[in-house]
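# Descriptive analysis of the structure
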Amino acid sequence: VEKIKIFLNGEKFDLKKIKNIISLEKEYKIYEITREILSDKANKILSYLEQTKEYMGVLYSLYSELEILYKIKMMKNDGKKFSSNYNTFKTQFEKVKEAFKVNNRIPNSYVIFKKLELEKNYSLKNLKNLVYRSWEIENNIKMGKIEMNTGVEKLIMEISSLYQKS
């Protein structure tokens, strides 16, 4: 509420004006949650999800992150090397950026660079299985076979159980 007051700077409350800052904050929170889950810090996440009901947002974010991690791992498996120095990585990324294109958009190289920290915590086989499980859970939710909370919580537990396992 305080952030909204500051943003409005004394102007009359207008939902259209504050919609963007609320949406960005929500998207960033989902990004943070996804990163926490993939960093094996999911213990606080379940209570947040119960309160906010952001199950599908988290599922889509996890699905996207896992696909990127899988692509990085596949490239490394095929002999591609990525530097831990960002300036060097930027040059390397230029050669493979098309592989990360989604909806005709190529992500910023720094976004992919930050994923290198997470990718090393999962095996190629486990990432492949997690990408499939994300798709399967999304599909099962949409078909009414499982509840959103059950599916997403199950995926989070699977991700946690595979952290740093070969």
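Residues numbered from 1 in each chain as written. Predicted model: local features only at pLDDT ≥ 70, side-chain atom pairs only at ≥ 80, totals over all residues. Heavy atoms only, no water.

With 15 residues, helix 8 (residues 148-162) ought to run about 21 Å at 1.5 Å a step, and its terminal C-alpha atoms sit 21 Å apart, in line with that. Following helix 8 by one or two positions, Gln164 adopts a phi angle in the positive range, close to 55°. (Helix = DSSP H or I, 4+ residues; strand = E, 2+ residues; numbered from the N terminus. Expected span 1.5 Å × (residues − 1).)

Summing up the model confidence of the chain, the mean pLDDT is 88 and the portion of residues at 70 or higher is 86%. Ranking the elements of the chain by mean pLDDT puts helix 1 (residues 2-8) last, at 61, and helix 7 (residues 124-142) first, at 97. (pLDDT = per-residue confidence, 0-100.)

Its identity as a non-glycine residue notwithstanding, Asp40 has a phi of 65°, on the positive side. Of note, Asp40 is situated in the loop between helix 2 (15-38) and helix 3 (45-52). Positive phi, normally seen in glycine, also occurs at Asn104, with a value near 65°. Inspection of the secondary structure assignment puts Asn104 in the loop between helix 5 (86-96) and helix 6 (109-119).

Our focus in this paragraph is the environment of Glu32. Along the polypeptide, Glu32 turns up in helix 2. Look at Glu32 and you get partly exposed, because its relative accessible area is 31%. Linking Glu32 and Val58, residues 26 residues apart in sequence, is a C-alpha distance of 9.8 Å. (Buried < 20%, exposed > 50% of the residue type's maximum accessible area, 1.4 Å probe, protein only.)

Evaluated as defined, the whole model comprises nine aromatic pairs. It is Lys29 that lies over the ring of Tyr48; its NZ or CZ is 5.1 Å from the centre. (Phe/Tyr/Trp six-rings, centres within 6.5 Å; stacked < 30°, edge-to-face > 60°. Lys NZ or Arg CZ within 6 Å of the ring centre and 35° of its normal.)

With respect to the helices and strands, Ile33 occurs in helix 2. Sequence separation of Ile33 and Ser61 is 28 residues, and the distance between their C-alpha atoms is 9.1 Å. Residues contacting Ile33, with those up to four places away along its chain left out, are Ile45, Tyr48 and Val58. (Contact = heavy atoms within 4.5 Å.)

This next bit is on the packing of helix 4 (residues 55-77) against helix 7. The relative placement of two packed helices comes down to the angle between their axes together with the axis-to-axis distance. Interhelical geometry of helix 4 versus helix 7 gives an angle of 155° and a closest axis separation of 9 Å. In terms of orientation, helix 4 lies roughly antiparallel with respect to helix 7. Here helix 4 and helix 7 pass one another in a crossing that is left-handed. The segment helix 4 lies against helix 7, with Met56, Leu59, Tyr60, Tyr63, Leu66, Glu67, Leu69, Tyr70, Lys73, Met74 and Asn77 engaging Leu124, Leu127, Lys128, Leu130, Val131, Ser134, Trp135, Ile137, Glu138, Ile141 and Lys142. (Axes fitted to C-alpha atoms, helices over the stretch in contact; angles between N-to-C directions. Parallel < 35°, antiparallel > 145°, perpendicular 65-115°, else oblique. Left-handed = near helix turned anticlockwise from the far one by under 90°.)

With that settled, the discussion passes to the pattern of salt bridges. Scanning the entire structure with this criterion turns up ten salt bridges. Residue Glu117 pairs with Arg35 through a salt bridge whose shortest N-O separation is 2.7 Å. Placement of the pair is Glu117 in helix 6 and Arg35 in helix 2, with a sequence separation of 82 residues. According to the relative accessible area criterion, Glu117 is partly exposed, its value standing at 34%. By relative accessible area, which is 19% here, Arg35 ends up buried. Here Lys101 makes a salt bridge to Glu98, at a shortest N to O gap of 3.2 Å. (Salt bridge = Lys/Arg side-chain N within 4 Å of Asp/Glu carboxyl O.)

What follows concerns the nonpolar core. Ile37, Leu38, Val58, Leu62, Val152, Ile156 and Ile159 are the most contacted members of the largest nonpolar core, which totals 28 residues. Contributions of two or more residues to this core are made by helix 2, helix 3, helix 4, helix 7 and helix 8. The element that contributes the greatest number of residues to this core is helix 4, accounting for eight residues. With sequence-adjacent residues up to four places away left out, Ile156 is seen in contact with Ile37, Ala42, Ile45, Leu46, Leu49 and Leu62. (Core = buried A, V, L, I, M, F, W, Y, C linked by side-chain atoms within 4.5 Å.)

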